[in-house]
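Okay, here's what each chain looks like letter by letter:
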Amino acid sequence: MNVPQLFQTMPCRVSGYQAALDGLNISETYLVAFNDICNSGKDILSPAAHSDYVGSYIYIPFFSKLFNLNIEITTILFYSLYGIICILISLVGLFKFYNSNISKIYGATFIVSIGLLCIFISDTYCFYGLTSLALITWWTKLKELEKINYKKLILLTLITGLIISFSNTVRGNSGNDVLLSILILLIFNTYKNKKFLGLWSICLIVIPIFLINLQIKRVEIKAKNYLIKVKDIEKIYDLNFNRALWHNAYYGLGYLSIDNQDVPIPTDTYAVEKARKVNPKVIIYSDEYEKILKNEFIKFVKKNPFLFIQITASKAGMVLLYFLIFFNIGIYYLFKNKVRFETTIFFVPGIILNFLFGIAAEPHYVYLLGMFAYSGLFTTKIIEDYYS
């Protein structure tokens with residue numbers, strides 16, 4: 001297992017934020033970077049957030065410029081304040097809706113602990129855990145939610161959509177686990193009780209998600225239209241602000257670090273070199289680049305099916321170990337008392353989705369913070385069901 005380090009925002013990501021701020025000052029356009037040395041952009045204009053999720057490359061330069069703070073301080077404040085807000089939201093939901101003192105004590109201890117872990121990480125990965133923390137304690141008590149004032153319920157659903165969409169712009173899929181859980185719970189509740197409140201709630205959650213994604217897309221298009229004027233830039237960079245997926249999946253095949261020439265070395269550099277062996281002129285992180293690594297991934301699986309199973313099983317075993325660690329005494333209560341169906345259909349989809357995150361790339365703890373949050377709060381809810 002990897003040991004967490006304090007405020008471990010990747011140096012190249014911080015450097016990228018500075019480049020995005022410098023590019024903003026020059027071009028007055030978000031997502032235009034200048035002197036992005038980590039992405040071959042020394043002393044030139046280039047796309048910010050190169051193969052990364054674009055949200056933090058908009059928000060952090062914005063706040064840095066607004067409050068005249070340096071990028072390092074703004075970065076720490078951005079992730080820390082989001083963490084504190086999510087912890088407080090989670091604790092309010094816990095103490096407002098949960099009845100058992102034992103579940104409150106356990107839940108509060110867990111929320112503060114995992115929340116501080118996420119804050120100490122201070123990178124986009126922390127959104128996996130923080131967004132789940134913020135919303136789970138509220139939405140696992142749907143019956144109590146239905147009793148509150150309709151205006152407050154509408155506000156809650158809109159805020160839920162806002163948090164999820166904001167989270168996804170900073171770290172893709174960081175809000176999708178809890179979104180999936182909420183949607184399944186609302187659909188089940190609508191079917192069971194023949195009430196259409198759930199359908200209205202779904203619509204209100206989706207509205208801010210749609211609007212924010214639309215605005216982000218507009219920012220990307222504006223940046224592309226600005227950058228496309230730069231000479232020969234399209235020969236160097238892909239300007240579509242796509243996030244590489246098969247890049248991570250391919251080098252994730254090297255998880256076991258097996259001494260075998262067919263097995264990838266689990267680094268970004270190796271994946272890039274592999275793609276360039278196939279096509280030396282390929283633009284890194286472009287659609288063609290992703291297609292090459294997708295084909296290489298499939299070739300590996302076909303050529304080494306048993307090795308692929310071994311690698312996948314090893315990843316699954318590590319993710320399962322993490323789940324058991326954070327679920328801990330939930331195992332005891334799981335066998336001691338029948339879990340309510342509403343609890344099961346909320347937590348199981350989110351846990352499965354987080355489980356897949358660890359298998360798709362690698363089961364590094366930063367990718368599994370959502371799993372940690374779900375596991376601990378699943379235990380909290382089981383304790384609540386037992387004593388209430």
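### Details of the overall build of the chain
So, point 1. When its secondary structure is counted, the chain shows 16 helices and two strands.
So, point 2. Over its C-alpha trace the chain gives a radius of gyration of 22 Å, about what one expects of a compact globule, namely 21 Å for 388 residues.
So, point 3. Scored against the burial criterion, the 388 residues of the chain give a buried share of 53%.
So, point 4. If you take every contact in the chain between residues at least 6 apart in sequence, the share linking residues at least 24 apart comes to 72%.
So, point 5. As displayed, the chain offers around 18,600 Å² of accessible surface, 65% of which is attributable to carbon and sulfur atoms.
So, point 6. Across the chain, 36 positive and 26 negative side-chain charges occur, with their mean positions spaced 9 Å apart.

### Notes on the pairing of strand S2 (residues 41-47)
So, point 1. For strand S1 (residues 32-36) and S2, the ladder comprises four bridges, and the chain directions are antiparallel. Looking across to S2, one finds that Asp36 is bridged to Gly41.
So, point 2. Counting the residues in the hairpin turn of S1 and S2 gives four residues, including Ser40, whose phi is positive at 60°.

### Quick word on the nonpolar core
So, point 1. Membership of the largest hydrophobic core comes to 115 residues, with the highest contact counts inside it found for Leu31, Trp139, Tyr289, Phe346 and Phe372.
So, point 2. At 10 residues, helix H5 (residues 126-139) tops the list of elements feeding residues into this core.
So, point 3. Ignoring anything within four residues of it in the chain, the contact list for Phe372 reads Phe110, Ile114, Leu117, Tyr322, Phe326 and Tyr365.

### Structural notes on the side chain of Asp177
So, point 1. Mapped onto the secondary structure, Asp177 falls in helix H8 (residues 176-193).
So, point 2. The buried charged residue Asp177 lacks any salt bridge partner; its closest oppositely charged side chain belongs to Arg171, at an N-O distance of 12 Å.
So, point 3. A polar side-chain atom of Asp177 sits 3.0 Å from a polar atom in the side chain of Asn354.
So, point 4. Those residues in contact with Asp177, other than ones at most four positions away along the chain, are Tyr128, Ser132, Gly350, Leu353, Asn354, Gly370 and Tyr374.

### Digging into the state of the cysteines
So, point 1. If you walk through the whole model with that rule in mind, you get one disulfide.
So, point 2. Between the sulfur of Cys12 and that of Cys38 lies a disulfide, 2.1 Å long from S to S. Its S-S torsion of about -80° marks the bond between Cys12 and Cys38 as left-handed, since a negative value means left-handed. With Cys12 in helix H1 (residues 11-27) and Cys38 in the loop between S1 and S2, this residue pair connects regions lying 26 residues apart in the sequence.
So, point 3. The cysteine Cys118 is free of any disulfide, with Cys126 supplying the nearest cysteine sulfur at 6.0 Å.
So, point 4. For Cys118, a relative accessible area of 0% translates into the label buried.

### A short note on the packing of helix H3 (residues 71-97) against helix H4 (residues 101-121)
So, point 1. Interaxial distance between H3 and H4 falls to 9 Å at its minimum, and their mutual angle equals 170°. When the axes of H3 and H4 are compared, the pair comes out roughly antiparallel. Together, Ser80, Gly83, Ile84, Ile87, Ser90, Leu91, Leu94 and Phe95 of H3 and Ser103, Lys104, Gly107, Ala108, Ile111, Val112, Gly115, Leu116 and Ile119 of H4 make up the contact between the two elements.
So, point 2. For the contact of H3 with H4, a count of residues per class yields 10 nonpolar, six polar and one charged.

What counts as what
Residues numbered from 1 in each chain as written. Predicted model: local features only at pLDDT ≥ 70, side-chain atom pairs only at ≥ 80, totals over all residues. Heavy atoms only, no water. Helix = DSSP H or I, 4+ residues; strand = E, 2+ residues; numbered from the N terminus. Rg over C-alpha atoms; globule rule 2.2 N^0.38 Å. Buried < 20%, exposed > 50% of the residue type's maximum accessible area, 1.4 Å probe, protein only. Contact = heavy atoms within 4.5 Å. Areas by Shrake-Rupley, 256 points an atom, 1.4 Å probe, with all protein chains shown as cover. Lys, Arg positive; Asp, Glu negative; His and termini not counted. Charge placed at Lys NZ, Arg CZ, Asp CG, Glu CD. Pairing = 2+ DSSP bridges. Core = buried A, V, L, I, M, F, W, Y, C linked by side-chain atoms within 4.5 Å. Salt bridge = Lys/Arg side-chain N within 4 Å of Asp/Glu carboxyl O. Polar contact = N/O pair within 3.5 Å; in protein donor to acceptor, adjacent residues only side chain to side chain. Disulfide = S-S within 2.5 Å. Axes fitted to C-alpha atoms, helices over the stretch in contact; angles between N-to-C directions. Parallel < 35°, antiparallel > 145°, perpendicular 65-115°, else oblique. Nonpolar A, V, L, I, M, F, W, Y, C, P; charged D, E, K, R; others polar.

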